Every structure is written in structure tokens, then in C-alpha cells.
Amino acid sequence: MREILLHDTRSGQLEALVPREPGRVGIYACGPTVYSRIHVGNARPYIVFSLLKRFLAHVGYDPTLVINVTDVNDKIYTAALAARVPSAQLASEMTSAYRADTDALGLGRPDHEPLASETMDPIVAHIADLVEAGHAYEAGGDVFFRVRSDSAYGTLSHRQVDDMDQGEGVEGTERKQDPLDFALWKSRKPDEDSFWSSPWGPGRPGWHIECSAMAEGLLGLGFDIHGGGIDLVFPHHENEAAQTRMARGSELARLWMHNGMLQASGEKMAKSVGNISPLHQVLDEHGRDTVLMYMCGAHYRQPIAFSSDLLEQARRRVDRLREAARLTHPGASPDELAPLHAAFFDALARDFNMPEALGSLFEWVRQSNARGGVGGAHLAEMLEMLGLESLLAAEHAGPPAEVAALAERRRAARQARNFAEADRLRAEILARGWEVRDVADGFELLER
């Protein structure tokens, strides 16, 4: 089987993927906290790890992808109070919206999408194991993890323990034995309408323990890849690793992969900053093919600017691939193109280097076009790795009849020199997800 190299955050180096079970790969990626609609930056880990799963399956592995939903969290209580709705209702509505928004990416669903609210018994049991082992303690209905009891704490984020701030503010400070300790269980507050029973009284879990329990429950200990945004390395993933290590005497995951952030106006895109672009609006405006190409245009570990210029560049790239799909004939690549096809997959095998793979793909397209459009089967393979296999399917299916009729009416309007009506029809065609272009013998329709 092909060797796959991935960057491990803990070691800081490229590491060979050596599955715990030969031929099978378990992947856990942290999903959203559902207190509002997700923004386009939240989509990056969903896209990265969905495409990684495709690649691993293509080269012969049997991958299992788990992306959780955090539906119990301080932010949900706060947002629900502001909206004057029950917190469980808000979480349920936003979970449905998240699934609809990510469905629109056309990449399929993860194999498992656990909810924190449905994992409460394993979460409580995990906390109880930590308390019994002396790595956690109860104080006033809260339970805290003893950070200094883990000698390996900080090895994932490469930070000195004394320099760490858990980001919990002043909440529970007077009950902590050490300011570095973080909450595993939080006692119920008067304005919190969702709560669960526990040996320490009614309340709900802290954020970090939720993922430890969900990941272990579905993938077991020592699974192959734990992923998420680079902003989760500390404290979230550092704490996940520590909780499991101290409760189980074993590491949660073998490799830790982290994607870079989307940046708007030079800073991380975040709801708290207020510089977000909701995913569903970006998809409506630019189309899923453009969004996928935009995400693939930067190495997954690097930050990526969110700008109209980059989205337009991605749209032009998609148009070029769509045209290549239209011109390319079925069959394998000739010998002259085979090295470029191989280079595409070699790049993905070296830390999932999508920009390098794209370079090989577009050179393949250039040379295929020069040879009259040969090698359609290999083009289909590469497009599938980008989530863009629909470019081939759309070419064969053609535009819907109503879109073609609108384009015919627009051509008649142009011939009558009724340019205002022609512009109106162009906008209507665009709203239906197609772009009309004038060519020498009439027009062509391209799916957006």
C-alpha cells in the first residue's frame, strides 16, 4: 500500500501513517459548536478531512470519518437566552442548519456525527475515572482536572505549563486548587435550562471532555488521526489528550493534524470578532465548485485569506476544468501524461499537498488539450479527489430545459437589440446556478 506522510503537530514533523489496524484508518475531526449558522471558515476542516477520507479510500484504505457536534456549551446557553428560546431547541435548530449547509458542499456526510447531548453517560464515566485516579477533584459541584498531575501536559501545543491560560476567565477560580486546572463538569447555574445528573450534582460537562468521550466511544484508543483547526491545539486538543492519557494510561490519537484558519481583514474569521461570512450565503453567491476550489488552493496547514479576488480566481480555475471535462475523451492517459497523473497523487501522499497536486492537474489539462483531449478516465480520478466529479456529470447531463429556454430567449432579445431584457435574463439564468456565455455560433451554458 502507498506510503502516506502527514504532518504531526506533536512531533512537528512529517510522519508515516501506520494504521492501528492494517488497512483501516480512523479519523476524528472536531466539528462546530451549534449556537448559530456556521461560517465559511468552519467549513474548512469539514472539507479537508472529507477530501482526505476520499484520498485514503482511493489508495486502498478503509477510512472511518467522525465529525462531532458540540450541542452542550456555554455559548449555546448565552445565545438561547438572547433569542428567548430553550437552549435544546436552539442547538437542535442550528444542528439541522449545519447539516443542511454542509450537505450543500456535496461531499457526503461523515460516517458518524455524535452529539455531546447523546454521549452524557460515557462523559460522566470518564470524569469519574479521572476523579478515582486522583487526576481530578470535585469542588462545590464542579469537577476540575489537575493539570500538573500530567507530566506530558504541553507536549502537543509545545507550551510551558506555567505560561498557559485555559481561557475560562474567572469562573470557578476560587474553587480551583491551581489556576491552571480546567473544568470537566460544571454545576448548574440558575439560568441554564438544560442539565444532567451526575455524582457531583446536576450540571453539564466542560467542552474538552465531550470530545474525549465521543472520540474514544466511536474509534477506541490510539486511533489514527485527530484533526481540527489550528486554533484548537490549545487548550482544546491539549486537554483532550491529557484527559485520555490520565484516565486510560494511553494516548487518544497517533497523529494530530491541524488546518490553518480563514482570515478576513488580516485576522482569523470568527463569530466573536464579527467578521464572518455565513457558509450558506457564500455558497449561494459563488457556488459549491468555486468554494471547493478556493479551499484547495492553499495547503491545508496554511492560513488562507478570504477575498473576492481569490474566489474569482477559483471560479476561473473551475471553468477551465469544466471546459477540459467537455473536451476530454474517455480512456486512460497516454504514456506522456501518466507522470503528471502520478505526480498529482504523489503530492496528496506528501502531507495532502493540494496546491502541488493542482499544479500537476492543470499541467495535465494543458498537455491533454494539446493532444486533442485525451485521458478522460484519469481526469475523472483527479476531479473526484477535489470533490469536483460533478463537472463531468454536469457536462453529460447538460443544463435543465428551463435554463436552456431562458438562454434561447436571451439570444432572441439580443438579436432584437433589447439589451435590458437580455441582461435581465442573464441574471435569472445566473440565479438558477448557470452562466451564459456568448460564442461565435450562439451561446454556451456553464454550471456555477
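Here the structure is shown first, and the text comes after it.
It should be emphasised that the depicted structure is a prediction, and the values quoted were computed from it without experimental measurement. (Residues numbered from 1 in each chain as written. Predicted model: local features only at pLDDT ≥ 70, side-chain atom pairs only at ≥ 80, totals over all residues. Heavy atoms only, no water.)

Participant: Any details on the environment of L51? Residues and values, ideally.
Facilitator: For L51, the location among the structural elements is in helix α1 (residues 43-58). The class of L51 is buried, set by a relative accessible area of 2%. (Helix = DSSP H or I, 4+ residues; strand = E, 2+ residues; numbered from the N terminus. Buried < 20%, exposed > 50% of the residue type's maximum accessible area, 1.4 Å probe, protein only.)

Participant: Any details on the environment of E15? Residues and values, ideally.
Facilitator: Mapped onto the elements of the fold, E15 is located in strand β2 (residues 13-16). Note: C-alpha distance between E15 and R424 (409 residues apart in sequence) is 55 Å. Apart from residues lying up to four places away in sequence, E15 is in contact with I4, L5, L6, D8 and L255. (Contact = heavy atoms within 4.5 Å.)

Participant: Lay out the pairing of β2 in plain terms, naming residues and giving numbers.
Facilitator: By the bridge criterion, four bridges tie strand β1 (residues 5-8) to β2 in an arrangement that is antiparallel. Within β2, the residue paired with D8 across the bridge is Q13. Where β1 hands over to β2, the hairpin turn is made up of four residues, of which G12 adopts a positive phi near 75°. (Pairing = 2+ DSSP bridges.)

Participant: An account of the packing of helix α9 (residues 308-327) against helix α11 (residues 354-370) is requested, with residue identities and associated values reported.
Facilitator: Between α9 and α11, whose axes approach to 11 Å, the crossing angle comes to 40°. In terms of axis orientation, α9 runs oblique to α11. Considering only the axes of α9 and α11, their crossing is left-handed. Only L358, L361, F362, V365, R366 and N369 of α11 make contact with α9, whose side of the interface consists of R317, R320, L321, A324 and L327. Looking at the contact of α9 with α11, its residues break down into seven nonpolar, one polar and three charged. (Axes fitted to C-alpha atoms, helices over the stretch in contact; angles between N-to-C directions. Parallel < 35°, antiparallel > 145°, perpendicular 65-115°, else oblique. Left-handed = near helix turned anticlockwise from the far one by under 90°. Nonpolar A, V, L, I, M, F, W, Y, C, P; charged D, E, K, R; others polar.)

Participant: Let's hear about the packing of aromatic side chains: which residues, and what values?
Facilitator: Inspection of the entire model under this criterion finds eight aromatic pairs. Relative to F223, the ring of Y28 has its centre 6.4 Å away and its plane inclined at 50°; by these criteria the two rings are tilted. One end of the pair, Y28, is in strand β3 (residues 24-29); the other, F223, is in strand β9 (residues 223-229), and 195 residues separate them in sequence. Of the two residues, Y28 and F223, both sit in the buried class. Geometrically, the ring pair formed by F344 and F345 is edge-to-face, given 5.0 Å between the ring centres and 75° between the ring planes. The residues F344 and F345 share a single accessibility class, namely buried. The side chain of R109 reaches across the aromatic face of Y98, ending 5.8 Å from its centre. (Phe/Tyr/Trp six-rings, centres within 6.5 Å; stacked < 30°, edge-to-face > 60°. Lys NZ or Arg CZ within 6 Å of the ring centre and 35° of its normal.)

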